[in-house]
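Residue-level listing of the chains:
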Amino acid sequence: MRAESELSLEVVILIVFGVFMLLFGLLLFRIQTGELPYAPDSTYGLFLVIVSFQVITMGKTPFGDLRRSWAVIVLGVCTAIVGMVACFIPGLLAEPVRILVGILLSAGGVALLVQLFFSEDKARVWLKVPGALQHLTVACGLVYVVSIVLGIITLLPGITTDTVTAVFLVIYGVGFFYLSWSIQKVGRLYPPGEAE
């Protein structure tokens, strides 16, 4: 237990996303029956805070990777502040936060899916190598497609039932676990110094 973990920061944040989505999906089955109280703003706010950690620490945005410039860090901090306010004061930013999260999920999912299949150094190369890189392609594709679906559901409340939404959230959570496993596996097989 005292040994240092080999998990990268990216993998750890993806695991946190997976836990968040899986737990949210499982709880939503009880929330929809009225057994548990629910504040959507707080959920959206917490999502924004987790996204902001990814942006600030690694420059990874919902639309792709950016250099960790001061502008990117300030953007991440502002996103975190909006998320925290939504968590602390439910109702204050209800509509803007819902729309922001919906756009981040749907538009971000589309942008990442396009990059995955049209970039010369991603799926086109990965699919030719059996094993971990193929798993990475499938995991990325799964997460991006479900992200688009959940973004549309967030932007258009009432488009589907809470049960269907809960199922997508569970799939999304499992997708993040699969993606984090794939990234960790690829990192071990192809260390950064051996990118070729």
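A.B. asks: I'm lost on the environment of I81 in this one. Help?
C.D. replies: For I81, the position within the fold is in helix α3 (residues 70-88). Each C-alpha atom of the pair I81 and L92 lies 13 Å from the other, and the pair is 11 residues apart in sequence.

A.B. asks: Help me out: how do you make sense of the packing of helix α4 (residues 94-118) against helix α6 (residues 132-155) in this one?
C.D. replies: The relative placement of two packed helices comes down to the angle between their axes together with the axis-to-axis distance. Running from N to C, α4 and α6 cross one another at 150°; their axes reach a closest spacing of 7 Å. Comparing the axis directions of α4 and α6 gives the class roughly antiparallel. As α4 runs across α6, the sense of the crossing is left-handed. A breakdown of the residues in the contact of α4 with α6 according to their chemical character gives 16 nonpolar, eight polar and one charged.

A.B. asks: Got a minute to help me understand the packing of aromatic side chains in this structure?
C.D. replies: Working definition: an aromatic ring pair is given by the centre-to-centre distance plus the angle between the planes. Tallied over the full model, the rule gives six aromatic pairs. Taken together, a centroid distance of 5.3 Å and an interplanar angle of 15° make the contact between F17 and F176 stacked. Taken together, the positions of F17 in helix α1 (residues 9-31) and F176 in helix α7 (residues 162-189) put the pair 159 residues apart, joining distant regions of the chain. Judged by relative accessible area, F17 falls into the buried class, the value being 4%. Among the residues examined, F176 registers a relative accessible area of 7% and is labelled buried. Aromatic rings pair up to connect F17, F47, Y172 and F176 into one cluster.

Rules of the game
- Residues numbered from 1 in each chain as written.
- Predicted model: local features only at pLDDT ≥ 70, side-chain atom pairs only at ≥ 80, totals over all residues.
- Heavy atoms only, no water.
- Helix = DSSP H or I, 4+ residues; strand = E, 2+ residues; numbered from the N terminus.
- Axes fitted to C-alpha atoms, helices over the stretch in contact; angles between N-to-C directions.
- Parallel < 35°, antiparallel > 145°, perpendicular 65-115°, else oblique.
- Left-handed = near helix turned anticlockwise from the far one by under 90°.
- Nonpolar A, V, L, I, M, F, W, Y, C, P; charged D, E, K, R; others polar.
- Phe/Tyr/Trp six-rings, centres within 6.5 Å; stacked < 30°, edge-to-face > 60°.
- Buried < 20%, exposed > 50% of the residue type's maximum accessible area, 1.4 Å probe, protein only.

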